[in-house]
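Per-entry structural report
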Amino acid sequence: MKKENHSAYWKANLRLVSICMFFWFLCSYGFGILFVEALNSIQIGGFKLGFWFAQQGSIYIFVILIFFYAWRINKIDQKYNVHED
Amino acid sequence: MELKSLTYLIVGASFVLYIGIAIWSRAHNTKEFYVAGKTVSPIANGMATAADWMSAASFISMAGLIAFLGYDASVYLMGWTGGYVLLALFLAPYLRKFGKFTVPEFIGERYYSKVARIVAVICLIFVSFTYVAGQMRGVGIVFSRFLEVEVTVGLIIGMGIVFIYAVLGGMKGITYTQVAQYCVLIFAYTVPAVFIAIQITDNPIPQLAFGSTITESGVGLLDKLDSIVTSLGFNQYTTGTKSKIDIFCITLALMAGTAGLPHVIVRFFTVPKVKDARTSAGFALLFIAVLYTTAPAVGVMARYNLINTIQEGQVGAIDGNLLYSERPEWMERWEKTKLLQFEDKNGDGRIQYYNDQNQSFAKTAHVFGWEGNELTVDRDIMVLANPEMAKAPDWVIALVAAGGIAAALSTAAGLLLVISAAISHDLVKGIFLPNISEKNELRVGRIAAAAAILIAGYLGFDPPGWVAQVVAFAFGLAAASLFPAILLGIFFKRVNKEGAIAGMIVGLLFTYAYIEYFKGLFLKWAGSPWGENIASNWWLGISPEGIGVIGMLLNFVVAISISYMTAPPPDHIKYMVENIRIPRINE
């Protein structure tokens, strides 16, 4: 029982990590590097979108991702009853 | 009050604050000395991490680098922030759960091997020393520019201050001084940026201002900058010149390197719980992002300001360029430091600033009667002269000096602490004298910190010619050696001692060899660099800055395949890995 619970917890964690890494990759390597030319043809508020992602947007998303991960994983800790005190 | 006395006053006041905090937060035992007693709140740790992370280079040089590189500089912006996502998701919470003092200690225990621990100590010392040398130099330079003392005198004052709070206070003293230093440096960075943003665009928020329109002409700032730099033969600001694969690899090497830097990782050992390690990484990046999102705005505005000052009228018109005799006061002041230099090549008494390396623009320039670029501008000026360009009051200029010193001191102190901990805890207690008493270990730690300061001071006083090159090496090394070893240790139970050691050594040697081949580090006497450092020579088109990624991949492949060829790790190690993965084990 205990061991199964732990491996289920670990799987849930890995799933959450994969989701976060997808967005991590998309906003920096995707929008900021690989597809930068395509996005640069879109202009929002004085910024070419690809350039904005490379120098601003990716950083904001990184911050949001870490807090999102911390919030979700704390819930998962509770669900599997492995949270600290 | 005169600018110089105002600067002395503000910098002096900041020193009194740091030393006061150091005395208040003295370390009394090894736990306080290495990890601040594991009692630091996640927000305070986030601020301390941010100050630790943002060095003199981030504070002084980064915006200037962006100003001249444009889009290509995005590798630094993404690379030095995205690594925190890796830290928060893959390393920090688990290493906190492991609950010991140092990075080599984790590697040594996870791979049940003193050899692995020694390899990790070697990586750590190399990475940290290359870094700290640059910091001490930064301290010396800031002192000499703002307080008008010799670089050496500045260096000695800086060493003295770091000595007091790193040796006395250990991690506890460093943490709380770094919190204060973060406040000083971020205030000093953003205030001039707000001044210059208002001056150019009327929008006080720099992050928005650089996408706004210029007040006097109503044209978009970025559009205007793109068109004016291309009309002077420079590359367009918002698009790059580097190849995609190179941009990709440099960014990834910087991210993985960031996550593998011991002085950053160890900060997450200081918070009370696993949960705190996760949120603390978020706060750290939030505090870092304040500076990192301001820097590209400063870069754009400073570049525009510079060109707009010089290119007053139409490009190519006879009276289009600024008369040297009518140059603004700040240019005169920075000419004295030789960081800004003018040479009237065509003898017309006006300043021409354009890209004379661009062959296709040479003809146009010739028609204009221009005979070469006449103004050389050191990149570091962009932040340091910013308040003067924006005509900000003197106290803002004094504040920038205090901010630059805070950035350099906080990073130097954090690096010196991980070096001293690696020596006293990993080498002396872990390998040579396992029975050493806590009191003596603390003493050894303090002596090691003092010795590290002296060596760092010497390196800063007389930096080997390759200091600039080794920064890329420090990241490549961390990405190719420490980062994979820790990541596999947590996420891959099957990886054993043999695999991890082989992986670290292969990653390390490959990365080192590639950088040595193209840039030359230690084997200059034997004729290195052997290859010309140009894109057509690079393997797969990857520059030495980005090669750490290949080193990292090699490390992963070697570590996993060797592990499957040799005996699996013992059961107690598998149990230990399971234990660090779960915040609380139900018994």
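Residues numbered from 1 in each chain as written. Chains lettered and ligands numbered in written order. Predicted model: local features only at pLDDT ≥ 70, side-chain atom pairs only at ≥ 80, totals over all residues.

Right, let's get into the overall build of chain A. The helix and strand inventory of chain A stands at three helices and two strands. Along chain A, from the amino end to the carboxyl end, the secondary structure elements read α-α-β-β-α. Against the compact-globule benchmark of 12 Å for 85 residues, chain A has a radius of gyration of 18 Å, which places it well outside the compact range. Oriented by its inertia axes, the alpha-carbon framework of chain A measures out at about 55 × 20 × 15 Å. Split into buried and exposed, the 85 residues of chain A put 38% on the buried side. Pairs at least 24 residues apart make up 58% of the contacts formed inside chain A by residues separated by at least 6 positions. (Helix = DSSP H or I, 4+ residues; strand = E, 2+ residues; numbered from the N terminus. Rg over C-alpha atoms; globule rule 2.2 N^0.38 Å. Buried ≥ 20, exposed ≤ 12 C-beta atoms within 10 Å, placed from the backbone. Contact = placed C-beta atoms within 7 Å.)

This part is about the overall build of chain B. Secondary structure assignment for chain B yields 24 helices and two strands. For 587 residues, the compact-globule estimate of 2.2 N^0.38 gives 25 Å, and the C-alpha radius of gyration of chain B, at 25 Å, lies within 12% of that figure. Considering only C-alpha atoms, chain B reaches an extent of 80 × 55 × 50 Å along its principal axes. In chain B, buried positions account for 56% of the 587 residues. Within chain B, contacts between residues at least 6 apart in sequence are counted, and of these 80% link residues at least 24 apart.

A few words now on the UniProt feature "domain: Sodium symporter small subunit" (unreviewed entry) in chain A. Per the UniProt annotation, the sites labelled "domain: Sodium symporter small subunit" (unreviewed entry) are residues 7–83 of chain A. The span residues 7–83 of chain A carries 83% helix and 5% strand; its end-to-end C-alpha distance comes to 15 Å. (UniProt positions renumbered as here; feature names shortened; annotations may be inferred.)

In terms of nonpolar packing, the biggest core is built from 228 residues, with I66(A), L185(B), A412(B) and L416(B) touching the most fellow members. Here the element with the most residues in this core is helix α8 (residues 151–201) of chain B; it accounts for 22 residues. Those residues in contact with I66(A) that lie beyond four places of it in its chain are Y84(B), V85(B), A88(B), A281(B), G282(B) and L285(B). (Core = buried A, V, L, I, M, F, W, Y, C linked by C-beta atoms within 7 Å.)

This paragraph deals with unusual backbone geometry. All names here are of chain B. Here Y112, not a glycine, exhibits a phi torsion of approximately 35°, which is positive. Along the chain, Y112 turns up in the loop between α6 (103–110) and α7 (114–146). Exposure remark for Y112: the 15 C-beta atoms within 10 Å place this residue in the partly exposed category. A positive phi angle is found at D202, which is not glycine, with a value near 70°.

For the rest of this paragraph, the subject is the domain arrangement of chain B. Residue and element names in this part refer to chain B. The domain boundaries assigned to chain B delineate domain 1 (18–300 + 389–464) and domain 2 (304–378). A separation of 36 Å is found between the C-alpha centroids of domain 1 and domain 2. Between domain 1 and domain 2, the contact holds eleven residues from the first and eleven residues from the second. A total of four residues in the side of domain 1 that touches domain 2 trace back to one element, the largest contributor, which is helix α10 (residues 221–231). (Domains from an automatic or database assignment.)

To continue, consider the UniProt feature "transmembrane region" (unreviewed entry) in chain A. Residues and elements named next belong to chain A. Those places that UniProt annotates as "transmembrane region" (unreviewed entry) correspond, in this numbering, to residues 12–31 and 51–71. What you have in residues 12–31 is 100% helix and 0% strand, and the ends, taken at the C-alpha atoms, are 28 Å apart. Between the C-alpha atoms that bound residues 51–71 the distance is 30 Å, and the span itself is 100% helix and 0% strand.

Looking now at the confidence of the model for chain A. In the predicted model, chain A carries a mean pLDDT of 92, and 99% of its residues have values of at least 70. When pLDDT is averaged over each helix and strand of chain A, the minimum, 88, is found for strand β1 (residues 43–44) of chain A and the maximum, 95, for helix α3 (residues 49–79) of chain A. (pLDDT = per-residue confidence, 0-100.)

All right, on to the interface of chain B and chain A then. Residue-level contacts link 41 residues of chain B with 36 residues of chain A. Those elements that place two or more of their residues in the side of chain B that touches chain A are α5 (74–98), α10, α11 (244–260), α13 (274–310) and α24 (571–581) of chain B. Broken down by element, the residue count for the side of chain B that touches chain A peaks at twelve residues, all from α13(B). Of the residues in the side of chain B that touches chain A, the class split is 20 nonpolar, 14 polar and seven charged. (Nonpolar A, V, L, I, M, F, W, Y, C, P; charged D, E, K, R; others polar.)

Looking now at the confidence of the model for chain B. Residue and element names in this part refer to chain B. With 96% of its residues at a pLDDT of at least 70, chain B reaches an overall mean of 86. Of all the helices and strands in chain B, helix α20 (residues 467–480) carries the lowest mean pLDDT, 75, while helix α23 (residues 548–565) carries the highest, 95. In the predicted assembly, ipTM is 0.96 and pTM is 0.92.

Let's shift gears to the packing of helix α21 (residues 482–491) of chain B against helix α22 (residues 497–519) of chain B. Residue and element names in this part refer to chain B. Axis separation between α21 and α22 bottoms out at 9 Å; the angle between their running directions is 155°. Here α21 lies roughly antiparallel to α22, going by the angle between them. Of the two elements, α21 crosses α22, and the hand of that crossing is right-handed. On the side of α21, the interface is formed by P484, A485 and L488, while α22 contributes A500, G503, M504 and G507. Of the residues that constitute the contact of α21 with α22, the class distribution is five nonpolar, two polar and no charged. (Axes fitted to C-alpha atoms, helices over the stretch in contact; angles between N-to-C directions. Parallel < 35°, antiparallel > 145°, perpendicular 65-115°, else oblique. Left-handed = near helix turned anticlockwise from the far one by under 90°.)

Looking now at the environment of I560(B). Residue and element names in this part refer to chain B. Mapped onto the elements of the fold, I560 is located in helix α23. The partly exposed category is assigned to I560, around which 17 C-beta atoms lie within 10 Å. C-alpha of I560 to C-alpha of I250: the two residues are 310 residues apart in sequence and 24 Å apart in space. If sequence neighbours within four positions are ignored, I560 has contacts with V495 and G499.

In this section: helix α18 (residues 394–432) of chain B. For α18(B), spanning 39 residues, the distance from its first C-alpha to its last is 55 Å, which sits close to the expected 57 Å at 1.5 Å a residue. α18(B) sits mainly inside the fold: 32 of its 39 residues count as buried. (Expected span 1.5 Å × (residues − 1).)

In this section: the packing of α5(B) against α13(B). Relative placement of two packed helices is described by the angle separating their axes and the distance separating the axes. All names here are of chain B. With their axes 9 Å apart at the nearest point, α5 and α13 run at an angle of 170° to one another. Judged by the angle between their axes, α5 and α13 are roughly antiparallel. On α13, the residues that touch L77, T81, Y84, L87, A88, A92, P93, R96 and K97 of α5 are V274, A277, R278, A281, G282, A284, L285, I288, A289, Y292 and P296. Tallied by class, residues from the contact of α5 with α13 come to 15 nonpolar, two polar and three charged.

Before going further, it helps to spend a moment on the environment of Y304(B). All names here are of chain B. Tracing the backbone through its elements, the reader meets Y304 in helix α13. Residue classification places Y304 among the buried positions, given that 23 C-beta atoms sit within 10 Å. For the pair Y304 and A116, spaced 188 residues apart in sequence, the C-alpha to C-alpha distance is 51 Å. Dropping the residues within four chain positions of it, Y304 is found in contact with I200, L221 and L225.

Residue and element names in this part refer to chain B. In this fold, I288 is placed in helix α13. When the C-alpha positions of I288 and T81 are compared, they lie 7.7 Å apart, and in sequence the two are 207 residues distant. Setting aside chain neighbours within four positions, we find I288 in contact with A50, W53, M54 and T81.

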